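# Chains, contacts and geometry: an overview
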Amino acid sequence: MPVPSTPTNLYVQDGNGTVGLQWDLMSVATGYKIQRSTDGVTFSLLASPTVNYYLDTTVSAGSRYWYQVCASNGSGDSSYTASQYVIPSLTGKMSLWQVRLLAQQRADRVNNNFVTQTEWNSYINQSAFELYDMLVTLYEDYYLASPAIFQTVGGQNTYTLPNGVASFKDMSGNSFVAPAFYKLMGVDFGLANMSNAWVTVKKYDFVQRNRFVFPNLNSTYMGVFNLQYRMMGDNLQFIPTPSGSQYVRLWYIPRMAQLVMDNDILDGVSGWTEYVVVDAAIKALKKEESDCSELLMEKQALIDRIQSSAMNRDAGQPDTISDTRNWSERWGSYGGPGFDGGYGGF
């Protein structure tokens, strides 16, 4: 019996935190050998299946793996296929390597060097930032960070927002480095120097910026003057100046991390990665001055889907601007009984 030929059409695909391999059935082969490497140089035997497919469930998401396969029978082994590498990721997430490959395939520019890998990575990051901003704006609370808590200092009315370096307290009182700030969602104030009795702080109109100047007044939420805030660049400013040791809790959306290495994972945009693939392909085709009209239409369709479904992320209770009822149902007619038997009006 002759030694079998080298397997052809090796196909490697990641998904669900696993890696699937498949190749053509080879005549006279009674089995196959799969080798795996984590550096592309040193390979070791992973499995010896008798069929032409295998699912590797022993990988770690975000790590790079190389695979090669040979066919075997009683007469010996064929040579191994050229190795292929993959970076497994969890469902709904993709590595920079995988997003780049999909974008190149969408633009029909695989192995085309007119757009460099550095440029592809730049396009992908620009597209990912654009998608992230769209999602956190439309969905509002799409990707909230854990609340960051700090205490005021007497006589100080301006405080630095989370920058990825400064320490804050979490809801359990433990210190942690809060992720860098991107968009502010809300500010809470602890009543009477407490960290477990919160009230919402409202934003002041800019025209009121000098509302509390003289006399120099301190404020607590138990005092006469309600505390208000406003963002000033990367800082948060309060009026009037809060008393010392007051607890402040920030709800915010963190800044999206840039994808740099091939095994960096695109996260926070689960379900909408297709937008990044399409938009990066458009950017590459525009550099070539090639026609990208079909991709532009596909991009607009994706935007329409995002916008139309934005309010239904919480399917049990879609977002509304505010809870409302028919005035006559909620309060009754002026001075008359409402729906609960009480009296409405003022």
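Before reading further, recall that the structure is shown in the block above.
### Considering the overall build of the protein
A tally of helices and strands in the protein yields 5 helices and 21 strands. Relative to its 346 residues, the protein shows a buried fraction of 40%. Expressed as a percentage of contacts within the protein between residues at least 6 apart in sequence, the contacts between residues at least 24 apart total 64%. With an accessible surface of roughly 19,100 Å², the protein has 50% of that area assigned to carbon and sulfur atoms.

### Points about the pattern of salt bridges
Any two side chains of opposite charge can pair if their charged atoms end up close together. Counting across every chain of the model gives 13 salt bridges. Between glutamate 288 and arginine 109 there is a salt bridge; the shortest N-O distance is 2.8 Å. Within this pair, whereas glutamate 288 is found in helix H3 (residues 273-288), its partner arginine 109 is found in the loop between helix H1 (96-106) and helix H2 (117-138), the two being separated by 179 residues in sequence. According to the relative accessible area criterion, glutamate 288 is partly exposed, its value standing at 22%. Arginine 249 serves as the salt-bridge partner of aspartate 188, at 2.7 Å between the closest nitrogen and oxygen. Here arginine 249 lies in strand E20 (residues 247-254) and aspartate 188 lies in strand E14 (residues 181-190), a separation of 61 residues in the sequence. For the pair shown, aspartate 188 and arginine 249 are each scored as buried.

### Quick notes on the sheet that holds strand E1 (residues 11-15)
Taken together, 3 strands build an open sheet; the order of strands is E1-E2-E5 and the sheet is antiparallel. Either end of the sheet is taken by a strand with one partner, and the two such strands are E1 and strand E5 (53-56). Taken pair by pair, the neighbouring strands of this sheet meet at an average axis angle of 15°, ignoring direction. Relative to strand E2 (residues 18-22), E1 runs antiparallel, the two sharing 5 bridges. The residue of E2 that forms the bridge with glutamine 13 is glycine 20.

### Some words on the nonpolar core
Ranked by size, the top nonpolar core spans 36 residues in total, and within it Ile124, Leu131, Leu135, Leu266, Val276 and Ile306 carry the most contacts. Elements supplying a minimum of two residues to this core: H1, H2, H3 and helix H4 (293-309).

### Digging into the environment of tyrosine 204
Of note, tyrosine 204 is situated in the loop between strand E15 (198-203) and strand E16 (218-219). On the basis of relative accessibility, which here comes to 0%, the residue tyrosine 204 falls in the buried class. Setting aside its immediate chain neighbours within four residues, tyrosine 204 contacts Arg209, Gln228, Tyr229, Arg230, Met232, Gln237 and Ile239. Only 2.7 Å separates the side chain of tyrosine 204 from the side chain of glutamine 237, close enough to count as a polar contact.

### So, the side chain of asparagine 52
Here asparagine 52 is to be found in the loop between strand E4 (44-47) and E5. For asparagine 52, the side chain forms a polar contact with the main-chain oxygen of tryptophan 23, separated by 2.7 Å. When neighbours within four sequence positions are excluded, asparagine 52 is seen to be in contact with Leu21, Gln22, Trp23, Asp24, Leu25 and Tyr32.

### Quick look at the packing of aromatic side chains
Here the structure, examined in full by the defined rule, presents 10 aromatic pairs. A ring pair is formed by tyrosine 85 and tryptophan 97, whose centres lie 5.3 Å apart and whose planes are at 40°; its orientation type is tilted. One end of the pair, tyrosine 85, is in strand E8 (residues 84-86); the other, tryptophan 97, is in helix H1, and 12 residues separate them in sequence. A relative accessible area of 27% places tyrosine 85 in the partly exposed class.

Here is what the cut-offs are and how they apply
Residues numbered from 1 in each chain as written. Predicted model: local features only at pLDDT ≥ 70, side-chain atom pairs only at ≥ 80, totals over all residues. Heavy atoms only, no water. Helix = DSSP H or I, 4+ residues; strand = E, 2+ residues; numbered from the N terminus. Buried < 20%, exposed > 50% of the residue type's maximum accessible area, 1.4 Å probe, protein only. Contact = heavy atoms within 4.5 Å. Areas by Shrake-Rupley, 256 points an atom, 1.4 Å probe, with all protein chains shown as cover. Salt bridge = Lys/Arg side-chain N within 4 Å of Asp/Glu carboxyl O. Pairing = 2+ DSSP bridges. Axes fitted to C-alpha atoms, helices over the stretch in contact; angles between N-to-C directions. Core = buried A, V, L, I, M, F, W, Y, C linked by side-chain atoms within 4.5 Å. Polar contact = N/O pair within 3.5 Å; in protein donor to acceptor, adjacent residues only side chain to side chain. Phe/Tyr/Trp six-rings, centres within 6.5 Å; stacked < 30°, edge-to-face > 60°.

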